[in-house]
Amino acid sequence: MKNIKRIAAAVALTGSALLTSACSSGTTSETATSVADDRPIVNTENWPEEIPTSGPARNLTLPLEAYMASYKDQVTVEQAASDLQQSCMKDYGIDLTLPRAGANPPPSDNDANIERRYGITDRAEAEKYGYELPPALREHTEQTMRDLSGVEVEVLTGHTKPEPAGAVRAGEPVAAPHQGVKPARAEYNGKKLKTGGCIGWSKDQLGVKDVDPTFVAELAGDSLMRSMKDEKVVTAVAAWSACMDGKGHTGLADPYKAMDQGVTSDGEPTKESIALAVDDIDCKTQTDLVKIWFGVESAIQNEQIDGNRSRLTGIKDQHGKEVAAAHRQMTASAR
């Protein structure tokens with residue numbers, strides 16, 4: 001049960017991880033290069049596929065994915081916001097280059113993480129990397145940004161620069177990251193500051209709203225947990241386990257146990273972990289585990305959608321508005 005909860009929690013947290021990646025890393029431009037080694041800062045070839053094209057998860061899309069923001073769309077919105085923020089700062093006489101979105105893509109296109117939702121499914125990758133991610137997804141592209149002065153932080157954020165964290169004495173509470181900040185000055189260089197700074201202004205321009213940021217992911221986590229208890233899935237997982245036992249991999253109750261066993265401490269695949277990974281996927285194919293599991297969870301998610309249609313439709317519509325506004329902004333900037 002602890003393992004089930006851990007997997008479900010990981011699914012629910014994927015959305016925020018995607019957003020953090022998009023916010024912190026950069027642009028959709030394929031020509032931007034890293035000064036350090038002349039590699040592209042953003043390489044869209046490394047971005048996750050919207051729908052898997054190989055293995056047992058090929059062409060599978062869960063019903064709730066229709067209400068999840070894709071990685072490409074998230075990057076589009078983040079880059080448009082970043083462009084607006086830089087333009088806004090320039091209006092105050094401040095030249096600022098922000099990190100480009102899309103430089104460090106996640107392994108999955110959205111919160112569903114369908115490629116590894118029921119354990120690994122890409123045999124070609126398993127033959128090379130076992131349970132590890134491909135090297136391109138394990139690398140991290142660093143983008144340096146100069147330290148901002150106090151007034152620059154005020155113009156950008158609408159509040160004062162946080163004080164550096166001081167030494168914490170025993171028994172004293174640890175201060176929150178933005179504890180102690182104050183509202184920004186009213187104007188700079190003769191111009192009134194924006195409400196929420198240039199960041200707040202950029203969100204307003206794109207109509208970005210923090211509406212139910214984890215609701216869909218939480219539904220997806222719940223559907224996964226419920227599906228694992230379904231009789232059809234329990235039977236299919238048992239068949240997979242028996243198949244693995246027949247290949248010499250004993251004591252594996254479910255595909256997540258195989259993943260736990262196959263992941264290496266240094267992130268480098270071994271001959272044994274690759275053999276385990278390949279047998280894992282072959283047993284999934286032999287027992288039709290992924291198809292069965294996917295079918296059960298799809299039925300659960302359709303029930304969830306029926307019970308939350310209005311709220312989910314609102315989330316999907318909001319995503320669409322933000323992406324459309326971002327495209328308009330980037331088109332206007334390119335003129």
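Definitions and cut-offs
- Once a new chain begins, its residue numbering starts again from 1 and follows that chain's sequence as written.
- Given that the model is predicted, a residue must reach a pLDDT of at least 70 before its local features are reported, and side-chain atom pairs must reach 80 or more before they are shown or counted; all residues, however, enter totals for whole chains, interfaces and linings.
- Note: side-chain values were computed over all heavy atoms of the structure, leaving out hydrogens and water.
- To count as a disulfide, a pair of cysteine sulfur atoms needs to be within 2.5 Å.
- Helix and strand labels come from DSSP, where a helix needs a run of H or I of at least four residues and a strand needs a run of E of at least two; each type is numbered from the N terminus.
- The rule is simple: take the accessible area with a 1.4 Å probe, protein chains only, and divide by the maximum for that residue type; under 20% is buried, over 50% is exposed, in between is partly exposed.
- Lines fitted to C-alpha atoms define the axes, with helix axes restricted to the stretch in contact, and inter-axis angles between N-to-C directions lie between 0 and 180 degrees.
- Roughly parallel here means an angle under 35 degrees, roughly antiparallel means over 145, roughly perpendicular means 65 to 115, and every remaining angle is called oblique.
- Whether two residues are in contact is decided by their heavy atoms: any pair within 4.5 Å suffices.
- Just so you know the grouping, Ala, Val, Leu, Ile, Met, Phe, Trp, Tyr, Cys and Pro go in nonpolar, Asp, Glu, Lys and Arg go in charged, and all remaining residues, Gly too, go in polar.
- Here a Phe, Tyr or Trp ring, Trp counted by its six-membered ring, pairs with any other such ring whose centre lies within 6.5 Å, and the pair is stacked when the planes are under 30 degrees apart, edge-to-face when over 60, and tilted otherwise.
- Distance and angle both matter: a charge sits over a ring if NZ of Lys or CZ of Arg is within 6 Å of the ring centre and within 35 degrees of the ring normal.
- Crossing chirality is assigned from the near helix's rotation relative to the far helix, an anticlockwise turn below a right angle marking it left-handed and a clockwise turn marking it right-handed.
- Among buried residues, the Ala, Val, Leu, Ile, Met, Phe, Trp, Tyr and Cys ones that are joined through side-chain atoms within 4.5 Å form a nonpolar core.
- In a helix, the anticipated span is given by 1.5 Å times the number of residues less one.

Engineer: In this structure, what is going on with the state of the cysteines? I would like to understand it.
Structural biologist: By definition, a disulfide is the covalent link that joins the sulfur atoms of two cysteine residues. Scanning the model with the defined rule gives two disulfides in all. The disulfide bridge from cysteine 88 ends at cysteine 198, spanning 2.1 Å between sulfur atoms. Disulfide cysteine 88-cysteine 198: torsion about the S-S bond near -70 degrees, hence left-handed. Residue cysteine 88 is located in helix α2 (residues 71-91), and its partner cysteine 198 is located in helix α6 (residues 197-206); the two are separated by 110 residues in the primary sequence. Since its relative accessible area comes to 1%, cysteine 88 is described here as buried. Residue classification places cysteine 198 among the buried positions, given a relative accessible area of 0%.

Engineer: Would you mind going over the packing of helix α5 (residues 150-157) against α6 with me for this structure?
Structural biologist: Two numbers describe a pair of packed helices, the interaxial angle and the distance between the axes. Orientation of α5 relative to α6, taken along the N-to-C sense of each, is 20 degrees, at an axis distance of 2 Å. Taken together, α5 and α6 sit at an angle that is classed as roughly parallel. Contacts from Glu154, Val155, Leu156 and Thr157 in α5 reach Gly197, Cys198 and Ile199 in α6. When grouped by side-chain class, the residues that make up the contact of α5 with α6 number four nonpolar, two polar and one charged.

Engineer: Just to check I follow, could you spell out the packing of aromatic side chains for this structure?
Structural biologist: Aromatic rings considered in pairs are described by the distance between their centres and by the relative angle of their planes. On inspection of all chains with the given rule, the structure shows three aromatic pairs. Arranged with centres 5.3 Å apart and planes meeting at 85 degrees, the rings of tryptophan 47 and tyrosine 71 form a pair that is edge-to-face. With a gap of 24 residues between them, tryptophan 47 in the loop between α1 (2-25) and α2 and tyrosine 71 in helix α2 connect regions that are remote in the sequence. Relative accessible area serves as the criterion here: at 15%, tryptophan 47 is assigned to the buried category. When the ring of tyrosine 256 is compared with that of tryptophan 293, the centres are 6.0 Å apart and the planes differ by 65 degrees; the resulting orientation is edge-to-face. In this pair, tyrosine 256 sits in helix α9 (residues 255-262) while tryptophan 293 sits in helix α11 (residues 289-307), placing the two residues 37 residues apart along the sequence. In this structure, tyrosine 256 and tryptophan 293 share a single accessibility class: buried. Pairwise contacts between aromatic rings join Tyr118, Tyr256 and Trp293 into one cluster. One residue, lysine 191, lies across the ring of tyrosine 92, its end atom 5.2 Å from the ring centre. For lysine 316, the ring lying beneath its charged end belongs to tyrosine 67, and the centroid distance is 5.6 Å.

Engineer: Looking at this structure, I do not really get the packing of helix α8 (residues 231-246) against α11. What am I missing?
Structural biologist: Between α8 and α11, whose axes approach to 9 Å, the crossing angle comes to 165 degrees. With respect to α11, the axis of α8 lies roughly antiparallel. Note on packing geometry: the crossing formed by α8 with α11 is left-handed. Contacts between α8 and α11 involve Lys232, Val233, Ala236, Val237 and Trp240 from the former and Leu289, Ile292, Trp293 and Val296 from the latter. Classifying every residue of the contact of α8 with α11 by side-chain character gives eight nonpolar, no polar and one charged.

Engineer: Sorry if this is basic, but what is going on with unusual backbone geometry here?
Structural biologist: Leaving glycine aside, a negative phi is the common case for residues, and trans is the common case for peptide bonds. For asparagine 59, which is not glycine, the phi torsion reads 65 degrees and is therefore positive. Checked against the element boundaries, asparagine 59 lands in the loop between α1 and α2. In this structure, asparagine 189 takes a positive phi of about 55 degrees despite not being glycine. Mapped onto the elements, asparagine 189 comes out in the loop between β1 (187-188) and β2 (191-192).

Engineer: What should I look at first to understand the nonpolar core in this one?
Structural biologist: Nonpolar side chains in soluble globular proteins tend to end up buried together. Ranked by internal contacts, the top residues of the largest apolar core, which has 42 residues, are Leu64, Tyr118, Trp293 and Leu312. Taken together, the elements giving at least two residues each to this core come down to α7 (215-228), α8, α9, α10 (271-287), α11 and α12 (309-334). Among the elements that take part in this core, α11 stands out by supplying seven residues, more than any other. By size, the runner-up hydrophobic cluster in this structure holds twelve residues, among which are Tyr92, Leu96, Val153 and Leu156.

Engineer: Mind showing me how you'd approach α12 here?
Structural biologist: One full turn of an α-helix is made of 3.6 residues, so residues set three or four places apart face in the same direction. In this model, α12 (26 residues) spans 37 Å end to end at C-alpha, consistent with the 38 Å of a helix rising 1.5 Å per residue. Taken together, the buried positions of α12 are occupied by Leu312, Ile315, Gln318, Glu322, Val323, Ala325, Ala326 and Gln329. Buried residues along α12 sit in contact with α2, α6, α7 and α11.

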